[in-house]
Structure formats: C-alpha cells, structure tokens
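Secondary and tertiary structure notes
Residues per chain, in single letters:
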Amino acid sequence: MPTRIEIVPCLSDNYAYLVKSGDACAVVDPSEAAPVRAALAARGWTLTHILNTHHHPDHCGGNLELKKETGAIVVGPGKDAARIPGIDVGVTEESGWEFDGRKVQVLEVPAHTRGAITFVIDGNAFTGDTLFSMGCGRLFEGDATMMWNSLSKLMTLPDDTEIYCGHEYTESNGRFALTLEPDNDALQKRMEEVRALRAAGKPTIPVSMATEKATNPFLRPDAPQIRKSLGMEGADTVAAFHEIRARKNRF
C-alpha cells in the first residue's frame, strides 16, 4: 500500500505533513497542535509518530501537546536531541529509521541549524528549512560551504523525488530566481504554474527534484547566466553560492 501524504497548513506560511502507512501515522514538523489535530480528526487517523527536521519552534512547537494527547513517539536529529522537545528517538544518517516496516533514509543537512536532517520516505523528501522550492534556508548555524554541501547531498536523490519543504515561500523565491536567470525557460514555466496555484489558494508543494535542479538558483550556482548576473564568471562555486544567498537576504 502506498504512503499517503496530506499537507497541513500551520501558522502563516508553514506546512506540516501527515504521512500515513498502514496503521502508522506521522506528522512532520508540527509548529502547532490545533491544525494537526483537526486534520487527523477529519480523516479518522490516529497519530503514532512526530518527526522533526530541526529544532526551531515553528517546526516543533506542537510536539509536547500532540505527544501528551496521543502518546506519539517523537523522532528527530540525534545530534541535536537536546533542542527537540519531547524527543524519544534520535536518528542519524548512519542509523536511518523505520516507519511501518519501511526503511526511511535520514540525511544530515546542517547549515540552517547544525542538526538539520531530511527524512526520505518512499521517494518523498521532507527537507524542513534546508531546501525550499526555488530557495534554501538562511545560514543561521552554518556557513555557505556547509549549506552547499548539504544541498549537494540532497541533489544526489533521484530526480523523481518529491520535495516537501517547511514553508510556502515559492512565489517570492521564484521572483528572486528570475532576477538572476530571467531567460531560464524552465523557471518561467514553473513561475506560471506557481502563480496559478497561489491564485487558486493551493500549495506549490510538492515539487520534483528534477524541477528544482532546473529552476532553483541555490542548486545552480554554476549556471552561465547566473554567473553573468553575479559578475562572478571566474569565482569558485561556493563563492558564487554565498553571493546568491547574500542577495536573497537583501531581496
């Protein structure tokens, strides 16, 4: 039976995700309990696990309330366990994890936070605030080299991997991407889709890794037009990536 995934909007622009397999049901990055509780009730699902990609409150603020109500097992980054509320199981890249008998790949992707991880379940990557559609997270606890290494690791996932990120930032990210690569046909097409989805009140997530590789400037620091826009044709990859991140911070 395939895994079922339901998007749960939280706060102003956060996404939590319900992941259902058999009798097991996990929520990824619950910033608050109420929307998750409502989504579970609407579907008649019982929460068994809480998965956290990193320690920020807008990704784990609902942990303790949901754990108290349901007895769900909290799973998060083992190397940052001290900052994950209610954590029961700390996972690493080496340990991986198992969900309803399914092998779950855990990727350690530090930079936004030092303990950030991505869960990959049946070809679906829950990337938290490391990789956004057409964007990446701010470098709160790492540097450009660390983030580039983390994104490079994510890019080794198959092109048909579906990306489920932590926020609905896609339209703003795309507007920034167009300032660097205005002639990118794939980017222009993606932005048309994004604008239509947002106008209809729909999420722009999930998105395939293939689409991200073709449109996300943070995965494309060596693209010729981006290098020309940056005026950094001869710079190394990390330097170009750092400049992209700096410009996005000011955008």
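Attention here is on the structure that accompanies the text.

On a plain count of helices and strands, the protein comes out with nine helices and 14 strands. Relative to its length of 251 residues, the protein is compact, with a C-alpha radius of gyration of 18 Å against a globular reference of 18 Å. In the protein, 59% of the contacts between residues at least 6 apart in sequence involve partners at least 24 apart. Accessible area for the protein stands at about 10400 Å²; split by element, carbon and sulfur atoms hold 51% of it. For the protein, the distance from the average position of its 27 positive side-chain charges to the average position of its 34 negative side-chain charges is 3 Å.

Buried residues of helix H5 (residues 170–180): Thr170, Asn173, Gly174, Phe176, Ala177 and Leu180, and no others. Along H5, the residues classed as buried sweep out an arc of 160° about the axis, all on the same side. Buried residues in H5 make contact with strand E11 (131–132), strand E12 (135–136), helix H6 (185–199), helix H7 (209–215), helix H8 (224–230) and helix H9 (237–250).

Two orientations exist for strands paired in a sheet by backbone hydrogen bonds: parallel and antiparallel. Pairing is mixed across the open sheet formed by six strands, whose spatial order is E7-E8-E9-E10-E13-E14. The two strands at the open ends of the sheet, each matched to only one other strand, are strand E7 (97–99) and strand E14 (207–208). The sheet contact formed by strand E8 (residues 102–108) and strand E9 (residues 117–121) spans four bridges and is antiparallel. Looking at E9, one finds that Glu108 is bridged to Ile117.

Turning our attention to the sheet that holds strand E2 (residues 14–21). What the six strands build is an open sheet, ordered E1-E2-E3-E4-E5-E6; its pairing is mixed. Since the sheet does not close on itself, it has two edges, and those belong to strand E1 (4–10) and strand E6 (89–91), each with one partner. Ignoring strand direction, the axes of neighbouring strands in this sheet form an average angle of 25°. Where E2 meets strand E3 (residues 24–28), five bridges bridge the pair, whose relative direction is antiparallel. Bridging across to E3, Leu18 finds its partner in Val27. Against the sheet, helix H1 (residues 33–43) contacts E1, E2 and E3, and its axis sits at roughly 140° relative to E1.

Calculation notes
Residues numbered from 1 in each chain as written. Predicted model: local features only at pLDDT ≥ 70, side-chain atom pairs only at ≥ 80, totals over all residues. Heavy atoms only, no water. Helix = DSSP H or I, 4+ residues; strand = E, 2+ residues; numbered from the N terminus. Rg over C-alpha atoms; globule rule 2.2 N^0.38 Å. Contact = heavy atoms within 4.5 Å. Areas by Shrake-Rupley, 256 points an atom, 1.4 Å probe, with all protein chains shown as cover. Lys, Arg positive; Asp, Glu negative; His and termini not counted. Charge placed at Lys NZ, Arg CZ, Asp CG, Glu CD. Buried < 20%, exposed > 50% of the residue type's maximum accessible area, 1.4 Å probe, protein only. Arc of directions from axis to C-beta. Pairing = 2+ DSSP bridges. Axes fitted to C-alpha atoms, helices over the stretch in contact; angles between N-to-C directions.

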